[in-house]
Amino acid sequence: MIRAVIWLVVLLVVWSCGGKPPPRQKPREVILRSEDVDRKVGEEASEDVGSMLGLIEDPKLSAYVSELGMRLARHAPRRRFSYKFGIVDQDAPNAFALPGGHIYVSRGLLVLTNSEDELVNVLGHEIVHVAARHAAARQEMGQALPTGLNWLQGRYLAGYGRDQEREADRLGQGLAAVAGYDPQGLVTFLKELEHTERLNLGASRLPSFWATHPSTSRRVAEAGARAHMVSWKRGKPIAANRAEYLARIEGLAVGGRASEGIFDGDRFLHADLDLMVRFPPGWTTMNTHRAVGALSRRRDAQVFLEHQGAGDDVEAAAAKYVEELAGSGFDVESSQPLVISDYSAFRVVGRFPGYGGHVKAVFTWIGRDGSIYRFTGAAPSMAFRKYQGTFLNVARSFRPLRAGERNKIREARLRIAVAVEGESLTDLSKRTSNRWDIQQTAVMNDLFATDQLEPGQLIKVAIEQSYRSEPEERAVE
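S.K.: Would you mind showing me how to read the layout of surface pockets here?
M.R.: To find the voids left in a structure, one rolls a probe of water-molecule size over its atoms. Volume-wise, the second largest pocket comes out at about 440 Å³. Of all the secondary-structure elements, those providing two or more residues to the lining of the second largest pocket are helix 10 (242-249) and strand 15 (410-418). Its residues placed into classes, the lining of the second largest pocket shows 6 nonpolar, 5 polar and 11 charged.

Have a look at this one:
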């Protein structure tokens, strides 16, 4: 928690000096540490990944991904790494590797894939990053900077250099082929990824792990050429066909998970915590496993909410936290008790020293039902007065949910629909109340929007349901 605030200070000072971080020269990637250090760093970082992004708690699906990964890892270059695989609770189609062998795919990536071949090629790509110690090189450079804002989920999603990506594509396809999988799977996945990017942004870029990769179109072309040249023999898959593969990923959440809270416009609603918070209109909102918050239009201020821990004494909680901040040079300017929505609260205003100027921050603690919540609002000193009222209003908006708000909390789940004779994607979507539009449904199923479906063809759809509703059937008839 303290590291997040310290980095917030540095980041805001950079923004205040020029509106955006200055460009950095590309550093020469030199790996200084040993494989033993890689393993230690990876173990520590994996704990942060769990707390920052959250992990999917599905033993069967997690075991399936791990088994696929281990099939590939047996053919990886000989390094003394113990590979481990996990699924992060993130909607964007991401995959990343930590030093020492920790590899993660997101639930959004699983939702996007249509076959075991596709998933295997992605895992092979990440195994190469570990085996070639690409992750160690990126981590080495990252240590020259303060830890990223935890609530922004950015620390472990940084990309690699273009040459590293091409190497991971090439050798990852080789790993897949040696393990008995079709290297064409990477081509299919990259095409689906590229189409998803265009749907989201109108161009082939998605602001996620893939944003720093080489152009997706170029990767598709290069991977396609290699797939035709690689010699391989089909092995025995775990999921025998597409139907078995889809059955394994069915039920995954699509989009935001209601258990983590949802946004209804600028209002954040959380059913499990029974709370509502209103963030400033027009600000960029983000919800992570650790915190929920918003960035100002000019990117020179941010405000976010965290759960600090159990307790009822907000003043004691504030004193403890401020004491921890003292080591970073935080200077208290004012403090006062107050009441917010009939709950005891405490507010502290102060400032941090920074590069090129100070950053001011206002912290507001609210005690409710044995839990302490903490709001943090911060901006460069020169802009703080402009935003201070906004920060206070966000904290004041904290209150329990109303009945009408609770009814709005819904979430979508991946379901498998069975096409009937003469049905189009449009027809099937209407029949199943599919939340995806036709273009997105086509992309998610590796189809064209105008394709005529075969009777019995399995189609992935996103079905919306009330949060905490009874589980739906495995297939949509």
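S.K.: Honestly, helix 10 in this entry has me stumped. Any pointers?
M.R.: Residue pairs three or four apart in sequence face the same way in an α-helix, which turns once every 3.6 residues. Buried within helix 10 we find Tyr-245, Leu-246 and Ile-249. Down the axis of helix 10, the smallest arc covering the buried residues is 95°, so these residues share one side. On its buried face, helix 10 sits against helix 3 (59-73), helix 4 (107-112), helix 5 (116-131), strand 15 and strand 16 (458-466).

S.K.: For this particular structure, what's the right way to read the sheet that holds strand 14 (residues 371-380)?
M.R.: Here 7 strands make up an open sheet; going across it, the order is 8-9-10-14-13-12-11 and the pairing antiparallel. Of all strands in the sheet, those bounded by a partner on one side alone are strand 8 (284-287) and strand 11 (331-340). For this sheet, the mean inter-axis angle between neighbouring strands, taken without regard to orientation, is 15°. Each of strand 10 (302-310), strand 11, strand 12 (343-352), strand 13 (359-368) and strand 14 touches helix 11 (residues 314-325); the most contacted strand, strand 13, lies at about 150° to it. Docked against the sheet, helix 12 (residues 381-396) engages strand 10, strand 11, strand 12, strand 13 and strand 14, running at close to 155° with respect to strand 14.

S.K.: Can you walk me through the sheet that holds strand 6 (residues 267-270) in this structure?
M.R.: By way of backbone hydrogen bonds, the strands of a sheet pair with one another, either parallel or antiparallel. Judged by pairing direction, the sheet is antiparallel, and its 3 strands sit side by side in the order 5-6-7 without closing on themselves. The open sheet is flanked by strand 5 (262-264) and strand 7 (275-278), the only strands paired with a single partner. With strand direction ignored, the average angle separating the axes of adjacent strands in the sheet is 25°. The sheet contact formed by strand 5 and strand 6 spans 3 bridges and is antiparallel. Within the sheet, the bridge partner assigned to Phe-263 lies in strand 6 and is Phe-268.

S.K.: I would appreciate a short explanation of the pattern of salt bridges in the present structure.
M.R.: Pairing between side chains of opposite charge can happen when the charged atoms of each approach one another. For the structure on display, the rule yields 23 salt bridges. A salt bridge links Glu-306 to Arg-374; the shortest N-O distance between them is 2.8 Å. Pair noted here: Glu-306 is in strand 10 and Arg-374 is in strand 14, with a separation of 68 residues, a long-range link. In this structure, Glu-306 and Arg-374 share a single accessibility class: buried. A single network of salt bridges, built from pairs that share partners, joins Asp-264, Arg-267, Arg-399, Glu-405 and Lys-408.

Each value, and the rule that gives it
- Residues numbered from 1 in each chain as written.
- Predicted model: local features only at pLDDT ≥ 70, side-chain atom pairs only at ≥ 80, totals over all residues.
- Heavy atoms only, no water.
- 1 Å grid on protein atoms, 1.4 Å probe; cavity = no way out; pocket = protein on both sides within 12 Å on 5 of 7 lines; lining within 4 Å.
- Points joined across faces, edges and corners; volume = space filled by probe spheres on them.
- Helix = DSSP H or I, 4+ residues; strand = E, 2+ residues; numbered from the N terminus.
- Nonpolar A, V, L, I, M, F, W, Y, C, P; charged D, E, K, R; others polar.
- Buried < 20%, exposed > 50% of the residue type's maximum accessible area, 1.4 Å probe, protein only.
- Arc of directions from axis to C-beta.
- Contact = heavy atoms within 4.5 Å.
- Pairing = 2+ DSSP bridges.
- Axes fitted to C-alpha atoms, helices over the stretch in contact; angles between N-to-C directions.
- Salt bridge = Lys/Arg side-chain N within 4 Å of Asp/Glu carboxyl O.

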